[in-house]
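A structural walkthrough
Residues per chain, in single letters:
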Amino acid sequence: MLNSVFVTGCHVLINLVVASLAGYGLAKFQFRGRGLIIIAILTMTLLPLQGIMIPLFLIVNGIGWYDSFQGLIFPTAASAFAVFLMRQFILAIPSDYLDAARMDGAGELAVFRHAVLPQLWPALVAIGVLVTSASWDEFLWPLIIVGGPEMQTAPLALSRLDSQFYTPFNLLLAAAVTMLAPPLLLFIFAQRQIIETASHTGVK
């Protein structure tokens, strides 16, 4: 459970930073290749992990990240869907509002921090919930990259409670309920922000 909490927390933090900065750049700046980058991000949302897991494993194993937290976290850390969702949300922020901050002498990081970031709270919460749910339930990548019991995440440990000759249903059910509780409670408390984010991105 502690491994799952740590890996999920890192995934959420990385996604919030990368998605907010990348979404801001793609939404409010014009540069060469911007359209191609957006198309590439949309394409990545359609690419399942199963299609790239063999070369991804070879790369991770080649740099010595097998059976480590780096191997668990970084290869699946940034979500293309989170970047696209954040871009759609930031498009709804008026550019005149940001230009006014620039005329007052604010740099781009100051504009992002003081003018954009306070308005991203619903999107940040929605992305946090979605990433938490996906990372908490991730089974395939930990199964590939984890070698020993010390690095197991909760879904992987749950699958290994079953054996060939005996199935401890009491332990399986107790562990399943324990695993279900955190993302369920998080979704219940954050459903308002998720609905608000969906309405903003849907209108745009």
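So, a few notes on the structure that sits alongside this text. (Residues numbered from 1 in each chain as written. Predicted model: local features only at pLDDT ≥ 70, side-chain atom pairs only at ≥ 80, totals over all residues. Heavy atoms only, no water.)

Quick look at the overall build of the protein now. The number of helices and strands found in the protein is 11 helices and 0 strands. Listing every helix and strand of the protein by position from the N terminus yields α-α-α-α-α-α-α-α-α-α-α. Overall size of the protein, expressed as C-alpha extent along the three principal axes, is 70 × 40 × 25 Å. Taking all 204 residues of the protein together, the buried fraction comes to 38%. By sequence separation, contacts in the protein at least 24 residues apart represent 78% of the contacts at least 6 residues apart. Accessible surface, the protein: about 11900 Å² in total, of which carbon and sulfur atoms supply 70%. Side chains of the protein carry 9 positive and 10 negative charges; the gap between the two charge centres is 12 Å. (Helix = DSSP H or I, 4+ residues; strand = E, 2+ residues; numbered from the N terminus. Buried < 20%, exposed > 50% of the residue type's maximum accessible area, 1.4 Å probe, protein only. Contact = heavy atoms within 4.5 Å. Areas by Shrake-Rupley, 256 points an atom, 1.4 Å probe, with all protein chains shown as cover. Lys, Arg positive; Asp, Glu negative; His and termini not counted. Charge placed at Lys NZ, Arg CZ, Asp CG, Glu CD.)

One pass over the structure, following the stated rule, counts 2 salt bridges. A salt bridge links Asp99 to Arg102; the nearest nitrogen and oxygen atoms lie 2.8 Å apart. With Asp99 and Arg102 both in helix H6 (residues 95–103) and 3 residues apart, the pair spans about one turn of that helix. Among the ionic pairs, Glu108 bridges to Arg102, the shortest N-O distance being 2.7 Å. On the accessibility criterion, Glu108 (34% relative accessible area) is partly exposed. Within this structure, Asp99, Arg102 and Glu108 form a network of salt bridges that share partners. (Salt bridge = Lys/Arg side-chain N within 4 Å of Asp/Glu carboxyl O.)

A word on the nonpolar core. Membership of the largest hydrophobic core comes to 27 residues, with the highest contact counts inside it found for Tyr24, Met86, Ile90, Leu98, Val116, Leu120 and Ile127. Of all the secondary structure elements, the ones that give two or more residues to this core are helix H1 (2–28), helix H2 (34–45), helix H5 (80–91), H6, helix H7 (108–116) and helix H8 (121–136). It is H5 that provides the largest number of residues to this core, a total of 8 residues. Beyond its immediate sequence surroundings of up to four residues, Met86 is in contact with Ala19, Ser20, Gly23, Leu120, Ala123, Leu124 and Ile127. (Core = buried A, V, L, I, M, F, W, Y, C linked by side-chain atoms within 4.5 Å.)

What follows covers the side chain of Ser4. In this structure, Ser4 sits in helix H1. Here Ser4 is in contact with Trp136, Thr153, Ala154 and Pro155, once residues within four sequence places are set aside.

Computed from the structure, the largest pocket encloses a volume of approximately 710 Å³. Taken together, 24 residues form the lining of the largest pocket, with Leu47, Thr76, Ala78, Ser79 and Ala80 sitting closest to its centre. Within the residue set of the lining of the largest pocket, elements represented by two or more residues are H1, H2, H5 and H8. In terms of residues, the lining of the largest pocket owes the most to one element, H8, which gives 5 residues. Classifying every residue of the lining of the largest pocket by side-chain character gives 17 nonpolar, 6 polar and 1 charged. (1 Å grid on protein atoms, 1.4 Å probe; cavity = no way out; pocket = protein on both sides within 12 Å on 5 of 7 lines; lining within 4 Å. Points joined across faces, edges and corners; volume = space filled by probe spheres on them. Nonpolar A, V, L, I, M, F, W, Y, C, P; charged D, E, K, R; others polar.)

Per the counting criterion, the structure on display carries 5 aromatic pairs. Ring plane angle 75° and centroid distance 5.0 Å describe the contact between Phe6 and Phe69, whose orientation is recorded as edge-to-face. In this pair, Phe6 sits in helix H1 while Phe69 sits in helix H4 (residues 69–73), placing the two residues 63 residues apart along the sequence. With a relative accessible area of 27%, Phe69 lands in the partly exposed category. Put simply, the rings of Tyr24, Phe29 and Phe112 touch in pairs and so form one group of aromatic residues. (Phe/Tyr/Trp six-rings, centres within 6.5 Å; stacked < 30°, edge-to-face > 60°.)

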